[in-house]
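# Structural overview
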Amino acid sequence: MQITRRHFLMGALSVATAGALATRFGPQRIFSYVKPEPRRIPLEAFDASPYYDVCIIGSGPAGATLGQRLVDQGLRTVILESGFLLTKDKVDPRLQQMETYRSVGPINYPLTATRVRAIGGTSNIWTGRCTRLHPIDFEPNAYTPAGAEWPMRYAEFEPYYAQAEQTLRVRGTETSEFQAPRENALPIQITVDDRDARSLVEPLGLTVDQPPTSTGNWGGPIRAAVDLLPTFTDSPLATLVSGATATRLHVEEDGSISGITVQNLRGATKIVRAATVVVACGAVESARLLLLSTAPNHRQGIGNHHDLVGRFFNEHPHLHWAGTIAKRPSTRQLVRIHQFYDQFKQDGLGALTLVLDWNDKAKDNLLIATTTEMHPQFTNRVMLSSELKDYFGNPGVDLWLDFDEKDRATLARATEVVENIYADLGATNMHLAGESWGHHHIGACRMGNDPQTSVLDANLRVHESPNLYVLSSAAFVTGGAGHPTVAIVALAHRLAEHLTRG
């Protein structure tokens, strides 16, 4: 099986695709569940003269959660969002000219197709899955970069996970011993009749779990645009500016950020000033903004004295298998298996989770998907492009991505696990049906205690700056095989606590 070929995945819902669908079918046909809207203003109407306590760049779950926490604590906070509200605002087609990304490595990664430039960020299209990283992820292991382990352990992070699950209204059943431990039950308890699935796999020694899942107030999972940001903008201390792209941070000699240049598609340019600046626009754009923000003492970009900004980018590759079994559940059942997660890590591999999906009406009635952890590599990186320019004339992004031997070994072992399950179930016609990505951008500005091996400190502050923070899965040291959004929101709660601590 060739798993390093350039076309690992070529397709997903991009902002351009979302715009095309909205044009064809009408936005309410796609997002008909949306009720409230956050109060927002365009850049032309924005008064940039006040000095804010905090400026947050990006309005996804990270920025929305942090913003809400900060205004609740009395901090005057502005959120800058490059995009618009997908449900109502007329999206300027020139916004697509901001999506200037190119894959230049052995893997042709679909970077444009795995991002959404809009109010609420990628929460507009996520599935809402909220599995946690495991304690072993936070401990030194075979995938921990040398000299750059996580600056915290699971026990310290667990209370923030619990806060994030409240924010995201996570629902689920009681979790098995193979999922990450928790002090409290999930916020919303449900029951699921998965007895048929259990009866099939438990004789094989396998334990099934239901995926903890975010529950929005208006259908589907939490969408930051309608579930989180309206509460933020209800505060007199809050300002949300849409169509406002942060194109450069003003870096002083000591690394402090004295202002942010903000531009829009109509030619408006303003300078926003704040005591604290938080970059929360996803791993790729966060790394790009730091690289764009040069100064005499920071010629390679702020935070990049040791050439680490943009490096160690990783994702969650998925392999999708299909086969036919004679014995099947009477109804469609989808479950997850976590019991190989720690075992793989202990064997020096990346983590593994499995998704089993039975569909009694399909010929290939048993589908098994693998989610595996990628090894953080120095060479896998987000770079400023020497050829691509965005709408404002700034360099776009070149992404180099490839698998290494650890990745190939993990994928090979995962394949063996899947093949054994099919064999034990007496399956026929077992075959690799497809490949995809988790759309999880991880590691491009990792956190750590040593400025020579990390970009951010344990509180997400850029080592080289006294007032600049990055809030994103870019901060993750390793990616595990869990879903990053719940951990990102947990980091938002942790950062809010840090910024408001007297």
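Residues numbered from 1 in each chain as written. Predicted model: local features only at pLDDT ≥ 70, side-chain atom pairs only at ≥ 80, totals over all residues. Heavy atoms only, no water.

## A few points about the pattern of salt bridges
When the charged atoms of two side chains with opposite charge come close together, those side chains can pair. Applying the stated criterion across every chain yields a total of 26 salt bridges. Two residues, Arg-408 and Glu-405, come together in a salt bridge whose shortest N-O distance is 2.8 Å. Of this pair, Arg-408 and Glu-405 both sit in helix 10 (residues 405-424), three residues apart, roughly one helical turn. Note on Arg-408: relative accessible area 26%, which makes it partly exposed. Owing to a relative accessible area of 59%, Glu-405 belongs among the exposed residues under this scheme. (Salt bridge = Lys/Arg side-chain N within 4 Å of Asp/Glu carboxyl O. Helix = DSSP H or I, 4+ residues; strand = E, 2+ residues; numbered from the N terminus. Buried < 20%, exposed > 50% of the residue type's maximum accessible area, 1.4 Å probe, protein only.)

## Here's the deal with the environment of Thr-370
Summarising the element assignment, Thr-370 is placed in strand 15 (residues 366-372). Note: C-alpha distance between Thr-370 and His-316 (54 residues apart in sequence) is 9.5 Å. Thr-370 has contacts with Pro-317, His-318, Leu-319, Trp-321, Leu-352, Thr-353, Leu-354, Ala-414 and Val-418, leaving out every residue within four places of it along the chain. (Contact = heavy atoms within 4.5 Å.)

## Brief notes about the sheet that holds strand 17 (residues 395-400)
Reading across the sheet, the three strands line up as 4-17-16 and stay open at both edges, with mixed pairing between neighbours. Only two strands of the sheet have a single neighbouring strand rather than two, namely strand 4 (101-103) and strand 16 (381-389). Within the sheet, the average angular offset between the axes of one strand and its neighbour, ignoring direction, is 35 degrees. Bridge count for strand 4 against strand 17 is three bridges, and the pairing is parallel. Its bridge partner lying in strand 17, Tyr-101 is registered against Val-397. (Pairing = 2+ DSSP bridges. Axes fitted to C-alpha atoms, helices over the stretch in contact; angles between N-to-C directions.)

## A word on helix 3 (residues 61-72)
The end-to-end C-alpha separation of helix 3 is 17 Å, in line with the 16 Å expected for twelve residues at 1.5 Å each. Most of helix 3 sits inside the fold, with nine of its twelve residues counted as buried. Considered for burial, the residues of helix 3 that qualify are Pro-61, Ala-62, Gly-63, Ala-64, Thr-65, Leu-66, Gly-67, Leu-70 and Val-71. Looking one or two places after helix 3, you find Gly-74, whose phi comes out positive at around 85 degrees. (Expected span 1.5 Å × (residues − 1).)

## Details of the confidence of the model for the protein chain
Here the protein chain averages 90 in pLDDT, while 92% of its residues score no lower than 70. Confidence drops under a pLDDT of 50 for residues 1-34, and excluding neighbours within four residues, the segment shows 75 contacts in the predicted structure. (pLDDT = per-residue confidence, 0-100.)

## Topic: the sheet that holds strand 18 (residues 428-437)
Strand order in the open sheet made by the five strands is 13-14-15-12-18, with antiparallel pairing throughout. At either end of the open sheet lies a strand with only one pairing partner, and these are strand 13 (333-337) and strand 18. Across the sheet, the mean angle separating the axes of adjacent strands is 20 degrees when strand polarity is ignored.

## Some details on the packing of helix 3 against helix 11 (residues 484-500)
The N-to-C vectors of helix 3 and helix 11 enclose an angle of 30 degrees; their axes lie 9 Å apart at closest approach. Accordingly, the angle class assigned to the pair helix 3 and helix 11 is roughly parallel. Here helix 3 runs over helix 11; the crossing is right-handed. Between helix 3 and helix 11, the residues in contact are Pro-61, Ala-62, Thr-65, Leu-66, Arg-69 and Leu-70 and Thr-485, Ile-488, Val-489, Ala-492, His-493, Leu-495, Ala-496, Glu-497, Leu-499 and Thr-500, respectively. Split into classes, the residues belonging to the contact of helix 3 with helix 11 amount to ten nonpolar, four polar and two charged. (Parallel < 35°, antiparallel > 145°, perpendicular 65-115°, else oblique. Left-handed = near helix turned anticlockwise from the far one by under 90°. Nonpolar A, V, L, I, M, F, W, Y, C, P; charged D, E, K, R; others polar.)

## Looking at the nonpolar core
The nonpolar side chains of soluble globular proteins are, as a tendency, buried together. Counting 136 residues, the largest nonpolar core has Ile-57, Leu-66, Leu-249, Leu-354 and Leu-471 as its most contacted members. Ranked by residues supplied to this core, first place goes to helix 11 with ten residues. If you look at the next biggest cluster of nonpolar residues, it comprises five residues, including Leu-95, Met-98, Leu-265 and Phe-392. (Core = buried A, V, L, I, M, F, W, Y, C linked by side-chain atoms within 4.5 Å.)

## With respect to unusual backbone geometry
Notably, Arg-169 is not glycine yet its phi reads approximately 50 degrees, a positive angle. Inspection of the secondary structure puts Arg-169 in the loop between helix 5 (154-167) and strand 5 (170-172). When its relative accessible area of 31% is taken as the criterion, Arg-169 is described as partly exposed. Backbone geometry at Asn-429 places phi at a positive 60 degrees, although glycine is not the residue there. Topologically, Asn-429 is positioned in strand 18. On the basis of relative accessibility, which here comes to 42%, the residue Asn-429 falls in the partly exposed class.

## Some details on the packing of helix 3 against helix 7 (residues 224-233)
It is the contact of helix 3 with helix 7, at a shortest axis distance of 8 Å, that shows an interaxial angle of 20 degrees. In terms of orientation, helix 3 lies roughly parallel with respect to helix 7. Relative to helix 7, the crossing made by helix 3 is left-handed. Residues Pro-61, Ala-64, Thr-65, Gly-67, Gln-68 and Val-71 of helix 3 touch helix 7, and the partners they reach there are Ala-224, Leu-228, Leu-229, Thr-231 and Phe-232. Of the residues contributing to the contact of helix 3 with helix 7, the split by class is seven nonpolar, four polar and no charged.

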